[in-house]
Amino acid sequence: MKLKYLILFLTVATLTSCVVVKEYEMVNLNDSDMILGEKSIERNITTFHSYREAAVGANGGKTGGGCGCN
Amino acid sequence: MEGRLAGVVVVIKILKMKKIIILFSILLTVLNSYSQDNTYKKRVLEGIEIDMISSLYNQKGDSAAVCGGLGTEEIQDATATIVISIPLRDDGVIKFDAGISSYTSASSSNINPFSKKNIATPFNASSGASKEDEWTSYSLTYLHYSNDRNKIVNTKISVADEYDYSSFGFGLGYTSLFNRKNTEVSINSNIYFDEWKLLYPIELRTNKSNDKDDDDDFDINMYTVIGAAYSPEKYFTPLTDRKRNSYSLSFGLSQILSKNLHTSFNLDVVKQKGLLSTPFHRIYFKDVVNSFIEEFQLANDIERLPITRYKTSVGNRMSLYINEYFILKSFYRYYADDWGISSNTISIEAPVKLSSKFTIYPAYRFYNQTASIYFDSYDKHLSTELYYTSDNDLSAYAANQYSLGLSYTDVFSDINIWRIGLKTIDIKYAHYSRNSTFTANILTFGIKLVVE
């Protein structure tokens, strides 16, 4: 329970302490390697994880469909 | 009098004219601003983009669910996918995604291990028809952006098919950017309607179904059963439901924290309903005397699992731009479901820019999970239990993955043939191993082209 409150506190603190970055200042953030998600090359690796592991979701991958039963 | 009337008429005309002028001015302003939008609005996607990804995958292990948690798990898979993104006017993008996967699976081959060519054993692949199959999938996605590019609506339909499984899905999503594009929130929902073709282990089939597993060739009376007399009808009853539906809801929040750091949080909630077990996964009961043909143990029953499952996952990503050479990316996810499984996933990637066009991507990923309350290993379940599985994918384990990628990026597509320019080439290798005998390797290759 304490961990949940700590995560919540850190999340709120992080989001409220940030500054507004103007569009012309986003050069580094727009670098193709800075993307907050998986690159297309990761796609089949994520699929293999979703078939072999119980955990799915929260990573942009699919969360249903397909059996992955082989 | 006439002069007064004429004056009034002139005033009225002037007033009418004024109204017309005002209305016309407003109309012009609106049209002008509209035409300005059309003239200067940057297209969401400038040209057609083609993404081609192919991969080779293999895995090894000795806990095959098809053989009740024992035997070879060997799989070789080759997958090829193509994604074509087409701009639709200025504000829309339509994506067509097609994939084909061709695999050979030693464990699936043991749905029918009695090939007559070799001695039946769970540790070798059979030559049964289930040793290989093809999976195909197609999806169509449409994204529509608002004029200021701050609102995005997406919709998607998908179909997938393999010999014993088919899936149809559709999804809807909405994304909003605000706070000068520093904050992004999104919501997505997906529904999948899946259907099984019920393939049971060969020794449990009572009716000749003429499927491709050559069950017409199998007659238990042609074999010598070692151990107890085989009578699966005591425990095995055919399944009645062949459908599996999945409903998912995803929430996302992305936030820019500084000029060099941004983060995102994701929450996914999934409900699955229907046949959630696999019809050809064998179960051996501890309290039932074993029966064998050759070296292969005959199934007492198939895997049985509840008809509903609720899954929840929360994840966080961070990307930090250290300098023009180094970037640091992290991912953490916590997952829990009502089958008793909870898991943690942590990954760290450190892209290193070797030059303006070449980047290498060393990465490490750690994963662990607790076991499902329905899991027990080979020959440990009791016949009195309601639900049971010996699928090691639902067991407790930890896994490590090491990967290395190399990327070539040409922002201006200098290399081009006809009107097709090369944008990126990626290659990535990953090695995955559990704290058991299970290991997997995957090599992926991707190329992105733009049509000018």
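Residues numbered from 1 in each chain as written. Chains lettered and ligands numbered in written order. Predicted model: local features only at pLDDT ≥ 70, side-chain atom pairs only at ≥ 80, totals over all residues.

Asks: Can you help me understand the overall build of chain A in this one?
Replies: Helices and strands together make up the secondary structure of chain A, namely two helices and zero strands. The proportion of buried residues among the 70 residues of chain A is 43%. (Helix = DSSP H or I, 4+ residues; strand = E, 2+ residues; numbered from the N terminus. Buried ≥ 20, exposed ≤ 12 C-beta atoms within 10 Å, placed from the backbone.)

Asks: For this particular structure, what's the right way to read the interface of chain A and chain B?
Replies: Interface size is commonly expressed as the accessible area that is lost once the parts come together. Contacts between the two partners involve 39 residues from chain A and, on the opposite side, 69 residues from chain B. Elements with a contribution of two residues or more to the side of chain A that touches chain B: α1 (2-16) and α2 (43-52) of chain A. For the side of chain A that touches chain B, the element with the highest residue contribution is α2 of chain A, accounting for five residues. (Contact = placed C-beta atoms within 7 Å.)

Asks: What should I look at first to understand the confidence of the model for chain B in this one?
Replies: One rule of thumb: low pLDDT means the predicted coordinates there are not for detailed reading. All names here are of chain B. Within chain B, residue pLDDT values average 88, and 88% of them lie at 70 or more. Per-residue pLDDT stays below 50 along residues 5-17; that stretch engages in zero contacts with residues further than four places along the chain or on separate chains. Here residues 27-38 scores under 50 on pLDDT; set against residues more than four positions off or in separate chains, the count is one contact. (pLDDT = per-residue confidence, 0-100.)

Asks: I tried to follow the nonpolar core on my own but got confused; where do I start?
Replies: Burial of nonpolar side chains together is a common tendency in soluble globular proteins. If you look at the biggest cluster of nonpolar residues, it comprises 34 residues, and the most contacted ones within it are Val66 and Ile283 of chain B. If we ignore the near neighbours within four places in the chain, the residues touching valine 66 of chain B are Ser107, Ser108, Asn110, Ile111, Phe280, His281 and Arg282 of chain B. (Core = buried A, V, L, I, M, F, W, Y, C linked by C-beta atoms within 7 Å.)

Asks: Would you explain the sheet that holds strand β13 (residues 296-297) of chain B in this entry?
Replies: Sheet strands line up and pair through hydrogen bonds in the backbone, either parallel or antiparallel. Residues and elements named next belong to chain B. In spatial order, the strands read β8-β12-β13; together these three strands make up an open sheet with antiparallel pairing. A single partner strand is all that each edge strand has here, and the edge strands are β8 (225-227) and β13. Of the strand pairs in this sheet, β8 and strand β12 (residues 291-293) are connected by three bridges, and their pairing is antiparallel. Each residue of the ladder has a partner; that of isoleucine 226, found in β12, is phenylalanine 292. (Pairing = 2+ DSSP bridges.)

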